[in-house]
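# Structural characterization, general
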There are 2 protein chains.
Amino acid sequence: MDSQKKKYSELTDCLCTSIRKSARNISQKYNEHLKQSGEKINANQVSILVTLSQIENKTISELSNQLKMERTTLTRNLKILDKSGWIKTNYGLDGRMKFSKLSKNGKQVLDKILPHWKKAQNQTKKLLGEDLQLFQQNLKKLTL
Amino acid sequence: MDSQKKKYSELTDCLCTSIRKSARNISQKYNEHLKQSGEKINANQVSILVTLSQIENKTISELSNQLKMERTTLTRNLKILDKSGWIKTNYGLDGRMKFSKLSKNGKQVLDKILPHWKKAQNQTKKLLGEDLQLFQQNLKKLTL
DNA sequence: ATATATTAAGTGTATATACACATAATTTCA
DNA sequence: TGAAATTATGTGTATATACACTTAATATAT
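As the structure is a prediction and not an experimental result, all values here were calculated from the model.

## What about the overall build of chain A?
Looking only at helices and strands, one finds 7 helices and 2 strands in chain A. Mapped from its N terminus to its C terminus, chain A presents α and β elements in the order α-α-α-α-α-β-β-α-α. Relative to a compact globule of 144 residues, whose C-alpha radius of gyration would be 15 Å, chain A shows 19 Å and is clearly more extended. Over its C-alpha atoms, taken along the principal directions, chain A stretches across nearly 65 × 35 × 30 Å. In chain A, 49% of the contacts between residues at least 6 apart in sequence involve partners at least 24 apart. When the accessible surface of chain A is split by element, carbon and sulfur atoms take 48% of a total near 8100 Å². For chain A, the distance from the average site of its 28 positive side-chain charges to the average site of its 13 negative ones is 5 Å.

## Some details on the relation of the copies chain B and chain A
In the superposition of chain B on chain A (RMSD 0.0 Å, axial shift 0.0 Å), the rotation amounts to 180°. The operation mapping one copy onto its partner corresponds to a two-fold rotation axis. In this assembly the copies share their binding face: 100% of the residues contributing to the interface of chain B also contribute to that of chain A.

## Considerations on the side chain of Gln136(B)
Its location among the elements puts Gln136(B) in helix 7 (residues 132-141). Note on Gln136(B): relative accessible area 18%, which makes it buried.

## Looking at the protein's contact with DNA strand D
What surrounds DNA strand D is a group of 30 residues, the closest being Lys35(B), Arg71(B), Arg76(B), Arg96(B) and Lys98(B). Each atom of DNA strand D within 4 Å of the protein was assigned to sugar, phosphate or base; sugar and phosphate come to 65%. Side-chain polar atom of Asn44(A) to a phosphate oxygen of DNA strand D: 3.2 Å apart, as the coordinates give it. Here Thr72(A) contributes a side-chain N or O atom positioned 2.9 Å from a base nitrogen of DNA strand D.

## A word on the pairing of strand 2 (residues 98-102) of chain B
All names here are of chain B. Two elements, strand 1 (residues 87-91) and strand 2, share 5 bridges in a ladder whose sense is antiparallel. Looking at strand 2, one finds that Tyr91 is bridged to Lys98. Connecting the antiparallel pair strand 1 and strand 2 is a turn made up of 6 residues.

## Structural notes on the interface of chain B and chain A
Chain B puts 61 residues into the contact, and the matching count from chain A is 61 residues. In total, chain B and chain A occlude about 6200 Å² of area from one another, counting both sides; carbon and sulfur atoms represent 61% of this. Run the count over chain B and chain A and you get 6 salt bridges. When the shortest N-O distance is used, the salt bridge between Lys118(B) and Glu10(A) registers 3.7 Å. Taken together, the links from chain B to chain A amount to 30 residue pairs in polar contact (both at pLDDT 80 or more).

## Here's the deal with the pattern of salt bridges
Summed over all chains, the structure comprises 10 salt bridges over all chains. Note that Lys141(B) and Asp131(A) form a salt bridge whose closest N and O atoms lie 3.1 Å from each other. Residue Lys141(B) is located in helix 7, and its partner Asp131(A) is located in the loop between helix 6 (104-128) and helix 7 (132-141); the two belong to separate chains. According to the relative accessible area criterion, Asp131(A) is buried, its value standing at 16%.

## Re the protein's contact with DNA strand C
Residues in close proximity to DNA strand C total 30 residues, the closest being Lys35(A), Arg76(A), Arg96(A), Lys98(A) and Arg76(B). By atom count, sugar and phosphate contribute 66% of the portion of DNA strand C lying within 4 Å of the protein. Within the backbone of Glu70(B), an N or O atom sits 3.1 Å from a phosphate oxygen of DNA strand C. Secondary structure elements with two or more residues in the surface near DNA strand C: helix 2 (15-35), helix 4 (60-67) and helix 5 (71-83) of chain A together with helix 3 (43-54) and helix 5 (71-83) of chain B. With 6 residues, helix 5 of chain B is the largest single contributor of residues to the surface near DNA strand C. Classifying every residue of the surface near DNA strand C gives 5 nonpolar, 12 polar and 13 charged.

## Quick look at helix 6 (residues 104-128) of chain B
For helix 6 of chain B, with 25 residues, the first-to-last C-alpha span of 35 Å sits near the 36 Å given by 1.5 Å per residue. Of all the bends found along helix 6 of chain B, the most pronounced is centred on Leu114(B) and spans about 45°, while Pro115(B), a proline, follows it within four residues. Listing the buried residues of helix 6 of chain B in full gives Gly106(B), Val109(B), Leu110(B), Ile113(B), Leu114(B), His116(B), Trp117(B), Ala120(B), Gln121(B), Thr124(B) and Leu128(B). Against the buried residues of helix 6 of chain B lie helix 2 and helix 7 of chain A together with helix 2 (15-35), helix 3, strand 2 and helix 7 of chain B. The N-cap of helix 6 of chain B, judged by a side-chain oxygen 3.3 Å from the amide nitrogen of Asn105(B) a few residues on, is Ser103(B). Count one or two residues on from helix 6 of chain B and you reach Gly129(B), which has phi positive near 60°.

Reading guide: rules and limits
Residues numbered from 1 in each chain as written. Chains lettered and ligands numbered in written order. Predicted model: local features only at pLDDT ≥ 70, side-chain atom pairs only at ≥ 80, totals over all residues. Heavy atoms only, no water. Helix = DSSP H or I, 4+ residues; strand = E, 2+ residues; numbered from the N terminus. Rg over C-alpha atoms; globule rule 2.2 N^0.38 Å. Contact = heavy atoms within 4.5 Å. Areas by Shrake-Rupley, 256 points an atom, 1.4 Å probe, with all protein chains shown as cover. Lys, Arg positive; Asp, Glu negative; His and termini not counted. Charge placed at Lys NZ, Arg CZ, Asp CG, Glu CD. Least-squares fit on C-alpha atoms with pLDDT ≥ 70 in both. Buried < 20%, exposed > 50% of the residue type's maximum accessible area, 1.4 Å probe, protein only. Near = heavy atom within 4 Å. Polar contact = N/O pair within 3.5 Å; in protein donor to acceptor, adjacent residues only side chain to side chain. Pairing = 2+ DSSP bridges. Buried area = accessible area lost by both parts, 1.4 Å probe. Salt bridge = Lys/Arg side-chain N within 4 Å of Asp/Glu carboxyl O. Nonpolar A, V, L, I, M, F, W, Y, C, P; charged D, E, K, R; others polar. Expected span 1.5 Å × (residues − 1). Bend = angle between axes of the 7 residues up to and from the residue.

This is the structure we're talking about:
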């Protein structure tokens, strides 16, 4: 049944598969570095904390747009960050809206993981070499 | 507290964050197309079925290496494919080993989703334009 | 002013992911 | 040959992800 192999060979070139594969692999590498900090935090959680450090007073919906993360996914991720004490959440004047912001602990954890994140980032940059800029541009194209 | 924004601005350029973001976004797009097939299958499941169509008689551990997917993750993903009737699993002569292969239903579902996958793939390729080849190469670099 | 529509966020369910640990089969070696 | 080491896989737990549906608050329109 080698005709089967040929028949589906086109599907082996799937961009979605490749991107997911890379995402798994890179995430693990970043997480290994982050673990060295002694903090129980992962790359995804860092990315949300960093987003909150840059833009405050945004609703969950707005944040989810920024992160290209499904709103309900973000809701659950925020819950964990809250439980860990890295963010504080308050309701707005409009009682439907919720606003989260970095807590003191959240800032401290970012300070602590920064050098380890840098190692992961530099290691990854090295893999891409001079293609770095273009690669980042192309990733961006895929998030529109 | 705008010093905070500056302080953590370096972290906004995280490659792990960008790749995960793209992975989420592209996965959703592929899944929307796959949904049009009427089959209850997603891009990740397709990628495993396709892998099985290309390489049979591989253990779960070997497959997990191929897919750069944690072995225990793959175990659970295979369980769902089995439940859906798209793969068949047997033990090897070495009683520890398990081998999965595409079932008749599995092949049929690949046949059925193929045109929808193509639409998703072409749409994604279009976003990348002439950078496609290089982008694929760079993704590969990140899975080593 | 109140019924209706809209909007923001949460919940139920299912799958994806991975680490730490457990189990079972086989291999190795004394 | 039988104990110890190795190997292949599974399970417990926690987080990530997203779709369908729900709830609660606000805005709108008559």
